[in-house]
Amino acid sequence: MTPLLTALIIGLAAAGIFALRPVTAKIKTVFHSNPVVNTQIKFQSLQLVLTAIVLLLVYFLNPENFMRFFRVGDVNAHISKIGWLGVTGNETWLEIALTLGLYITLGTAIFMFFQLKKAGVDYRYFLFSLLWSIPFSMANAFSEEAIFRIGIVSPLYGIFSISVIILISGIVFGAPHYFGMPSGVVGALMAGFLGWLLAMSLVETQGLLIAWAIHFAQDVVIITSMILMSRKNS
């Protein structure tokens, strides 16, 4: 029953995130003159409400597991060996966040750079875009980690193997990004890999901080780029 309820909750949550976009567009209140900033203020606020509902439901599915993972966690816990990534298993998750996390962020930045180049953005608005992206990225990273990591790992932990659980998290997180940012097959694969890695960090550190921090860094790059794209060179 728990796996079915988990699938229902996360499925509805993912659909809810997509549904928030047209809902946001119908809210006529203007909080900022920049259209992307204005949309993000409304979208992130609504998404945090959705996240709170999901967390409450997931808590009742398995309170013990929820309390195990919904915390900072041990950033000095060691990562399991991942040969194809060159991870030996001697590294801590903090070291992984500072090394592999940096490479992932650079990969995201390179991908977004070509999108910005194609859009012909005005880089005079970079600092403006960066400063606004920070609170939006903090909120978005928390919401998505709460839904797609806590929401999947917490109720399924102890029911399925860890390898299956983190694979589910990666697939469920990656698939919607086909329509997101970055988009397409490349965007879905990048997000899927990230979701898989962050789910592993949640399990092995027994906490959310590492997953949130790595996700936050990606969102800063992406949301900064989104805001920049609203200010194109004339």
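Everything below is about the structure shown above.
Colleague: Now, about the packing of helix H2 (residues 35-61) against helix H5 (residues 126-156): what can you tell me, with residues and values included?
Modeller: Two elements in contact, H2 and H5, have axes whose closest approach is 9 Å; the angle formed by their N-to-C orientations is 20°. By the angle class used here, H2 and H5 are roughly parallel. Crossing hand, H2 versus H5: left-handed. The residue inventory of the contact of H2 with H5, partitioned by class, reads 17 nonpolar, eight polar and one charged.

Colleague: I'd like to hear about unusual backbone geometry, residue by residue, with values.
Modeller: Glycine aside, residues mostly have negative phi angles, and peptide bonds mostly take the trans form. Positive phi values are uncommon outside glycine, yet Gln 206 reaches one of about 55°. With respect to the helices and strands, the residue Gln 206 is situated in the loop between helix H7 (184-205) and helix H8 (209-228).

Colleague: Describe in detail the pattern of salt bridges, supporting the description with residues and values.
Modeller: All told, the structure shown has two salt bridges when counted by the stated rule. The partner of Asp 122 in a salt bridge is Arg 124, and the shortest N-O contact between them spans 2.7 Å. A residue is classified by how much of its surface remains accessible, and Asp 122, at 7% relative accessible area, is buried. A relative accessible area of 71% means that Arg 124 is categorised as exposed. Put simply, Arg 149 and Glu 145 hold a salt bridge, and the shortest N to O gap is 2.7 Å. With Arg 149 and Glu 145 both in helix H5 and four residues apart, the pair spans about one turn of that helix. What makes Arg 149 buried here is its relative accessible area of 0%. We classify Glu 145 as buried; its relative accessible area is 0%.

Thresholds, definitions, all that
- Residues numbered from 1 in each chain as written.
- Predicted model: local features only at pLDDT ≥ 70, side-chain atom pairs only at ≥ 80, totals over all residues.
- Heavy atoms only, no water.
- Axes fitted to C-alpha atoms, helices over the stretch in contact; angles between N-to-C directions.
- Helix = DSSP H or I, 4+ residues; strand = E, 2+ residues; numbered from the N terminus.
- Parallel < 35°, antiparallel > 145°, perpendicular 65-115°, else oblique.
- Left-handed = near helix turned anticlockwise from the far one by under 90°.
- Nonpolar A, V, L, I, M, F, W, Y, C, P; charged D, E, K, R; others polar.
- Salt bridge = Lys/Arg side-chain N within 4 Å of Asp/Glu carboxyl O.
- Buried < 20%, exposed > 50% of the residue type's maximum accessible area, 1.4 Å probe, protein only.

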